[in-house]
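Per-entry structural report
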Amino acid sequence: MCGIIGYVGQRDAYPLLLTGLERVEYRGYDSVGICTTDGTLHLLKEVGRVEQFKNKRLPGKQGIAHSRWATHGGVSQKNAHPFIAHDAFALVHNGIIENYLELKEELIEKGVVFSSDTDSEVILHLVVGHYQHGPDKNLLAAVQQAVKQLQGAYAFAVLNKDAEEIVAARDGCPLLVGIGERENFIASDATAFIEHTQKVVYVDDFEIVRVTKDALELFDHDGAKKNVSIVEVRGNIEVAQKQGHPHFMLKEIMEQPQTIAETMKVELPRIGRPKRILIVACGTASYAGLLGKYILEKFAKIPVVHETASEFRYQEPLFYPDDLVIAITQSGETADTLAAIRLAKKHGMKTLGIINVRESTIAREVDQVIYTRAGPEIGVASTKAFTAQLIVLYKLAFQLGGKKFEGKGIATLIEETLKLEDRIKEIAQKYVHNNHFLYIGRNLFYPLALEGALKLKEISYIHAEAYPAGELKHGPIALISEDMPTIAICPRHETYEKMFSNIQEIKARQGKIIALASTGDERMREISDDIIYLPKADGLLTPLLVAVALQLFAYHLAALRGCDIDKPRNLAKSVTVE
Ligand code: AGP
């Protein structure tokens, strides 16, 4: 996590760095900092968001900047990046240096004084030490020496006040260079500079890049020069704006009729029929994967193992020769998902990615990719990426089962679900003071219960738990009281009668029920306290409608509670550390 950006060119660096920072702020927003140079270093860094720097200015045509998601060291001004040494060198870092304590001790023994509690500052002092003791005072050579001592994950950029260059290195965290006219950028993400250039060079792991206003050179850790390959990235700035909506999350919820329709058009590559599928993912993507397991087993008749990537990577997973490992990820950068894919590849497994961000690290590492067409997702809470992932999983399950997924009328059904917004808001208003919620579902609707509860937790900070409804009597039913309403996902489906009984059991214990039910279900209306009638749809499409209704419920509860919906506390959009 953390977002970094750097600029070297002919224009004033500060406004370019500021806009770039706003775009990478989704990666972390605990603190923010900018350092420019015009022969003297100029520094601004504070706890909080980028917007506080809007009316400020720093001179210089070169600089680096950072938005932080705290790992080592609390959220404070002293731990904000950039870090400065000898009033001459500045550094920004994304990632975690695992051996930093050991390195820090060695540096302290040599007399280095640290100004922060971070792991990142260690990199700066290593680089500066090699620079000062090197034969030719060369920043690139100093970085080449320093990276050999680092264990962990990093993308970092360093500059010297007197040299018109930025040197940056990567291992495990995203880093790319934007090539402009007599100016160049480095960043964690191309959106940071997309209005200035769409020409991009992706820096790979174990590569170091030296950027001046007119040149870019790429090296490996041993100093050998590498070929540079430039790619054009697509993207425009409008998608990164709210377009009249109060939050990106709401804008992204509302975009789903289009993003689903677009994803329906995706042509899947030819994928041989595996004997078994392993799905690895995190968070929302993992819940899409769980629903994918149900669908793949039902329609493709292939056994599926669903694993949380952060657990999978440290197990000793059993792989069989004809397995297919599928990674599902919006960002394509999630550290645990990436590690799970690398583990699978190490064992010679075939890998497939279901990914939203083109040319992301995981997209470049898997054998085959299916891109979802959700477009850029800015809100930290994943919404349109989730429904797009489901569409791809449906298509894949049908293709592997020798059929075609029609998804007839799905975009219209989503539009109809969005029209339930006022009703959902009304219910949210009624429950705005509840601090605990239970979400229950069975079969295809259990992953939706998990996803609905996650949405509520992350943006409204309300405690929510999700269970397969059949599990209630094995413990969680003890939680039921008037103060813990249950969101029951109970459209007509094979398990409807079982759900009905579970709901009765809750009612018998004074629990309140908010039911998501099939239109016209009178029986359910009578037993529930509040009901959201879902548009009439084919059973297989109903989970998508449920997803949208639960997104709206979480959104409105959070909005009514005045939460910072697009940038919830403690979170970051792209989780590039473990
Ligand atoms: C979802 O709302 C979350 N913010 C989070 O769980 C997210 O889905 C997870 O971090 C995985 O991200 P990815 O899809 O980019 O891999």
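All of these numbers come straight from a predicted model, not from anything done at the bench.

1. With respect to the packing of helix H3 (residues 120-133) against helix H4 (residues 139-147)
Think of two packed helices as two axes; the pair is described by the angle between the axes and how far apart they sit. Across the interface, H3 lies against H4 with an axial gap of 8 Å and an inter-helix angle of 125°. One finds that H3 runs oblique with respect to H4. Like other packed secondary-structure pairs, H3 and H4 cross with a definite hand, here right-handed. Taken together, the residues of H4 that come into contact with H3 (itself represented by Leu-126, Val-127, His-130 and Tyr-131) are Leu-139, Ala-142, Val-143, Gln-145 and Ala-146. Residues belonging to the contact of H3 with H4 are distributed by class as follows: 7 nonpolar, 2 polar and no charged.

2. As for the sheet that holds strand E6 (residues 89-97)
Sheet architecture is open: 7 strands sit in the order E5-E6-E7-E8-E12-E13-E14, paired in antiparallel fashion. Of all the strands in the sheet, the pair left with one neighbour each is strand E5 (83-85) and strand E14 (225-226). Taken together, the 5 bridges between strand E12 (residues 207-211) and strand E13 (residues 216-220) define a ladder with antiparallel strand orientation. By the bridge assignment, Val-209 is partnered in E13 with Leu-218. Along the sheet face, H4 touches E6, strand E7 (152-160), strand E8 (166-171), E12 and E13 and points at about 160° away from the line of E7.

3. Side note on the domain arrangement of the protein chain
Parsing the protein chain into structural domains produces domain 1 (3-237), domain 2 (242-406) and domain 3 (418-565). Taking only C-alpha atoms, the centre of domain 2 and the centre of domain 3 are 25 Å apart. With both chains or domains summed, domain 2 and domain 3 bury close to 2,300 Å², and 76% of this area falls on carbon and sulfur atoms. Contact with domain 3 buries surface across domain 2, with Met-249, Tyr-287 and Tyr-294 losing the most and accounting together for 23% of the total. Here domain 2 and domain 3 share 1 salt bridge between them. Of the charged contacts, one joins Glu-494 and Lys-298 as a salt bridge, the two residues approaching to 3.2 Å between their closest N and O atoms. Our count for the domain 2 to domain 3 interface comes out at 8 residue pairs in polar contact (both at pLDDT 80 or more). Of the residues assigned to the side of domain 2 that touches domain 3, the class counts are 21 nonpolar, 7 polar and 1 charged.

4. Some thoughts on the nonpolar core
The biggest cluster of nonpolar side chains holds 87 residues, and the ones touching the most others in it are Ile-277, Leu-296, Ile-326, Phe-437, Tyr-439, Leu-544 and Phe-553. With 13 residues, helix H17 (residues 542-560) is the largest single contributor of residues to this core. Domain assignment of the residues forming this core places at least three in each of domain 2 (242-406) and domain 3 (418-565). Setting aside residues up to four positions removed in sequence, Tyr-439 forms contacts with Ala-449, Gly-452, Ala-453, Leu-456, Ala-464, Glu-465, Ala-466, Tyr-467, Ile-487, Leu-550 and Phe-553. Core analysis: the next-biggest nonpolar cluster, separate from the first, contains 31 residues, Ala-85, Leu-91, Val-167 and Phe-219 among them.

5. Considering unusual backbone geometry
Along the chain, His-81 connects to Pro-82 via a cis peptide bond; the corresponding omega equals -5°. Turning to its location among the elements, Pro-82 is positioned in the loop between strand E4 (62-68) and E5. Positive phi, normally seen in glycine, also occurs at Lys-137, with a value near 45°. Within the secondary structure layout, Lys-137 lies in the loop between H3 and H4. The backbone of Asn-443 sits at a positive phi, close to 55°, despite the residue not being glycine. Relative to the helices and strands, Asn-443 resides in the loop between strand E21 (436-441) and helix H14 (446-460).

Here is what the cut-offs are and how they apply
- Residues numbered from 1 in each chain as written.
- Predicted model: local features only at pLDDT ≥ 70, side-chain atom pairs only at ≥ 80, totals over all residues.
- Heavy atoms only, no water.
- Axes fitted to C-alpha atoms, helices over the stretch in contact; angles between N-to-C directions.
- Helix = DSSP H or I, 4+ residues; strand = E, 2+ residues; numbered from the N terminus.
- Parallel < 35°, antiparallel > 145°, perpendicular 65-115°, else oblique.
- Left-handed = near helix turned anticlockwise from the far one by under 90°.
- Contact = heavy atoms within 4.5 Å.
- Nonpolar A, V, L, I, M, F, W, Y, C, P; charged D, E, K, R; others polar.
- Pairing = 2+ DSSP bridges.
- Domains from an automatic or database assignment.
- Buried area = accessible area lost by both parts, 1.4 Å probe.
- Salt bridge = Lys/Arg side-chain N within 4 Å of Asp/Glu carboxyl O.
- Polar contact = N/O pair within 3.5 Å; in protein donor to acceptor, adjacent residues only side chain to side chain.
- Core = buried A, V, L, I, M, F, W, Y, C linked by side-chain atoms within 4.5 Å.
- Buried < 20%, exposed > 50% of the residue type's maximum accessible area, 1.4 Å probe, protein only.

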